[in-house]
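The lines below spell out each chain.
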Amino acid sequence: IDEGKGLEFHNLVFENQPEETPGQEAWSEDDLIGWGNDVGITGDTRESCVRDLTYEGWVQQVAGSQVDAGVDSTPTVLVDGVRAWTRDDPQTVSGPFFTSPDALNALIDEAAKG
């Protein structure tokens, strides 16, 4: 994140997302550090950032704001605070809007009109 590689890192972690199993760790610290290396995060603090939970407060703040916004599943799309799409939406359960950035932008544009 600090080296401008946040989106690349996020995408790689998302590509390696395991099935959710309650009580089971999704990724190890070594996984996260390795993926950081893979996207070119090379700073001296990259390893301590993961091991020392540098961004733990930020993650808790984001998680809290999701609860406050009524987000209870991922992915969920809000446009101006109004839910435009969720994984549990029976009309779009297959998630066609998440097949490409253009499809997601089309969803957002459509929701903004409403």
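Summarised in this report is the structure supplied together with it. Positions within a chain are numbered from 1, following the residues in the order the chain's sequence is written. Residue-level local features of this predicted model are given only where pLDDT is at least 70; pairs of side-chain atoms are given and counted only at 80 or more, and the full residue set underlies all totals for whole chains, interfaces and linings. Excluding hydrogens and water, the side-chain figures rest on all heavy atoms present in the structure.

## A few points about helix α2 (residues 29-38)
Exposure categories follow from relative accessible area, calculated using a 1.4 Å probe and restricted to protein chains: below 20% of the type maximum is buried, above 50% is exposed, and the middle band is partly exposed. Under the DSSP-based scheme used, a helix requires at least four consecutive residues in state H or I and a strand at least two consecutive residues in state E, with every element numbered from the N terminus. For α2, the full list of buried residues reads I33, W35 and G36. Summarising the axial view, the buried residues of α2 lie within an arc of 160 degrees, below the 170-degree limit, and thus occupy one face. Those residues of α2 that are exposed and aimed more than 90 degrees away from the buried face are D30 and D38. Between two residues, a contact is recorded if the distance between any of their heavy atoms is within 4.5 Å. At its buried positions, α2 is contacted by α1 (6-15) and α3 (46-51). The arc under discussion is defined with respect to the helix axis, by the directions toward the C-beta atoms.

## Focus on the environment of V82
Within the fold, V82 resides in strand β2 (residues 82-86). Counting along the chain gives 29 residues from V82 to A111, while the straight-line C-alpha distance between them is 8.7 Å.

## Quick word on the environment of H10
As for its placement among the helices and strands, H10 is situated in helix α1. Classification of H10 as partly exposed rests on a relative accessible area of 47%. Whenever a nitrogen or oxygen atom comes within 3.5 Å of another N or O atom, the pair is scored as a polar contact, on the condition that within protein one atom can donate a hydrogen and the other can accept it, and that pairs from neighbouring residues in sequence are kept only if both atoms are in side chains. Among the polar contacts listed, one links the side chain of H10 to the side chain of N11, at a separation of 3.4 Å.

## Regarding the nonpolar core
General note: in soluble globular proteins, nonpolar side chains tend to be found buried as a group. Residues grouped as a nonpolar core are buried Ala, Val, Leu, Ile, Met, Phe, Trp, Tyr and Cys residues, joined through side-chain atoms within 4.5 Å. Counting residues in hydrophobic clusters, the biggest one holds 5 residues: L12, V13, W35, V39 and I41. If near-sequence neighbours (up to four positions away) are discounted, V13 is found in contact with W27, L32 and W35.

## Some thoughts on the packing of α1 against α2
Structural elements are reduced to axes, namely lines fitted to C-alpha atoms, with helices fitted over the stretch in contact, and the angle between N-to-C directions of any two is expressed from 0 to 180 degrees. For the pair α1 and α2, interaxial distance at closest approach is 9 Å and the crossing angle is 130 degrees. Of the possible angle classes, the one that applies to α1 and α2 is oblique. The interaxial crossing formed by α1 with α2 has right-handed handedness. Contacts from F9, L12 and V13 in α1 reach L32, W35, G36 and D38 in α2. Side-chain classes are defined by residue name, with Ala, Val, Leu, Ile, Met, Phe, Trp, Tyr, Cys and Pro counting as nonpolar, Asp, Glu, Lys and Arg as charged, and the others, Gly among them, as polar. A breakdown of the residues in the contact of α1 with α2 according to their chemical character gives 5 nonpolar, 1 polar and 1 charged. Oblique is the label for any angle not covered by the other classes, which are roughly parallel (under 35 degrees), roughly antiparallel (over 145) and roughly perpendicular (65 to 115). The sense of a crossing depends on the near helix, which, turned anticlockwise from the far helix by less than a right angle, makes the crossing left-handed and, turned clockwise, makes it right-handed.

## Observations regarding the pattern of salt bridges
Salt bridge, as applied in this entry: a Lys or Arg side-chain nitrogen positioned within 4 Å of an Asp or Glu carboxyl oxygen. Here the structure, examined in full by the defined rule, presents 4 salt bridges. As a salt-bridge pair, R51 and E29 come within 2.7 Å of each other at their nearest N and O atoms. Of this pair, R51 sits in helix α3 while E29 sits in helix α2, placing them 22 residues apart in sequence. Since its relative accessible area comes to 33%, R51 is described here as partly exposed.

## Overview of unusual backbone geometry
Notably, L53 is not glycine yet its phi reads approximately 55 degrees, a positive angle. Considering the arrangement of structural elements, one finds L53 in the loop between α3 and α4 (56-68). Among the residues examined, L53 registers a relative accessible area of 48% and is labelled partly exposed.

## Re α4
What a helix is expected to span follows from its residue count: subtract one and scale by 1.5 Å. Over its 13 residues, α4 runs 18 Å from end to end, which matches the ideal 18 Å to within 8%, given 1.5 Å per residue. Downstream of α4 by one or two residues, G70 has phi in the positive range, about 85 degrees.

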